Amino acid sequence: MQERLHSYAGNFLFALNIFIIFILLFESNLEIPVWLHPFGRMHLLLLHFPIVLLLISMGLEIFGTRTSFKTQPFYQEFTSLVLLVGVISAGITVIMGLFLSREGDYGLDILSWHKWFGVSVFFLGSIIYAIRISDKYKTVMAKVGGSATIVCLLLTGHFG
């Protein structure tokens, strides 16, 4: 059951990546309908959930690389699940933020930095999750990826 859930969630995460890339590529031509404006405004409401989950999961990535933690299946499953939920909710938050940015009530310089750091948090989290469930997962990758994601997360908040 858990494997099927991870499979569905992983596929949803892949679809979110494709959708966000599509939005970013065609952003200049993007016209958000009025009925989607409330979803964009929910960006401010939802953004704290992925921040907490990503900080927890990146902390578990960085500090959970000890051999005693690596051998515990519960720890590995829990860390993967927290990371997956955090990245999916970050993707939804990014989409809402991109919708909100198209309303045009924000300063472009700060908004640009906030947007690109927010998108990088999502893409870094997606990459870490993809590597985490593969055979190529290494301690150095976990520490570097987790640290980079935390730095991007802090910069996103700073420019937000």
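To keep things clear, this report deals only with the structure shown in the data block. (Residues numbered from 1 in each chain as written. Predicted model: local features only at pLDDT ≥ 70, side-chain atom pairs only at ≥ 80, totals over all residues. Heavy atoms only, no water.)

**Some points on the packing of helix α4 (residues 48-63) against helix α8 (residues 139-159)**
1) Next: It is the contact of α4 with α8, at a shortest axis distance of 8 Å, that shows an interaxial angle of 150°. It follows that α4 is roughly antiparallel to α8 by the angle criterion. Like other packed secondary-structure pairs, α4 and α8 cross with a definite hand, here left-handed. Contacts from I51, L54, L55, M58, E61 and I62 in α4 reach A142, K143, G145, G146, S147, T149, I150 and L153 in α8.
2) Next: For the contact of α4 with α8, the per-class residue count stands at 8 nonpolar, 4 polar and 2 charged. (Axes fitted to C-alpha atoms, helices over the stretch in contact; angles between N-to-C directions. Helix = DSSP H or I, 4+ residues; strand = E, 2+ residues; numbered from the N terminus. Parallel < 35°, antiparallel > 145°, perpendicular 65-115°, else oblique. Left-handed = near helix turned anticlockwise from the far one by under 90°. Contact = heavy atoms within 4.5 Å. Nonpolar A, V, L, I, M, F, W, Y, C, P; charged D, E, K, R; others polar.)

**A look at α8**
An α-helix turns once every 3.6 residues. As a result, residues three or four positions apart point the same way.
1) Next: For α8, with 21 residues, the first-to-last C-alpha span of 30 Å sits near the 30 Å given by 1.5 Å per residue.
2) Next: Residues A142, G145, G146, T149, C152, L153 and T156 constitute the buried set of α8. What you see down the axis of α8 is that its buried residues fit within an arc of 130°, all on one side. α8 presents V140, V144, L154 and H158 as exposed residues on the side facing more than 90 degrees away from its buried surface.
3) Next: Buried residues along α8 sit against α4 and α7 (108-132). (Expected span 1.5 Å × (residues − 1). Buried < 20%, exposed > 50% of the residue type's maximum accessible area, 1.4 Å probe, protein only. Arc of directions from axis to C-beta.)

**Some remarks on the side chain of N17**
1) Next: Relative to the elements of secondary structure, N17 occurs in helix α1 (residues 2-25).
2) Next: Assessed through its relative accessible area of 13%, N17 is described here as buried.
3) Next: At 2.8 Å, the side chain of N17 forms a polar contact with the backbone oxygen of L13.
4) Next: Ignoring any residue separated from it by four or fewer positions in sequence, one finds N17 in contact with F122, F123 and S126. (Polar contact = N/O pair within 3.5 Å; in protein donor to acceptor, adjacent residues only side chain to side chain.)

**Focus: the packing of α7 against α8**
1) Next: Interhelical geometry of α7 versus α8 gives an angle of 155° and a closest axis separation of 8 Å. In terms of their interaxial angle, α7 and α8 are classed as roughly antiparallel. As for how α7 packs across α8, the hand of that crossing is left-handed. Mapping the contact onto sequence places I110, W113, H114, F117, G118, S120, V121, L124, G125, I128 and I131 in α7 and M141, G145, G146, A148, T149, C152, L153, L155, T156 and F159 in α8.
2) Next: Residues belonging to the contact of α7 with α8 are distributed by class as follows: 13 nonpolar, 8 polar and no charged.

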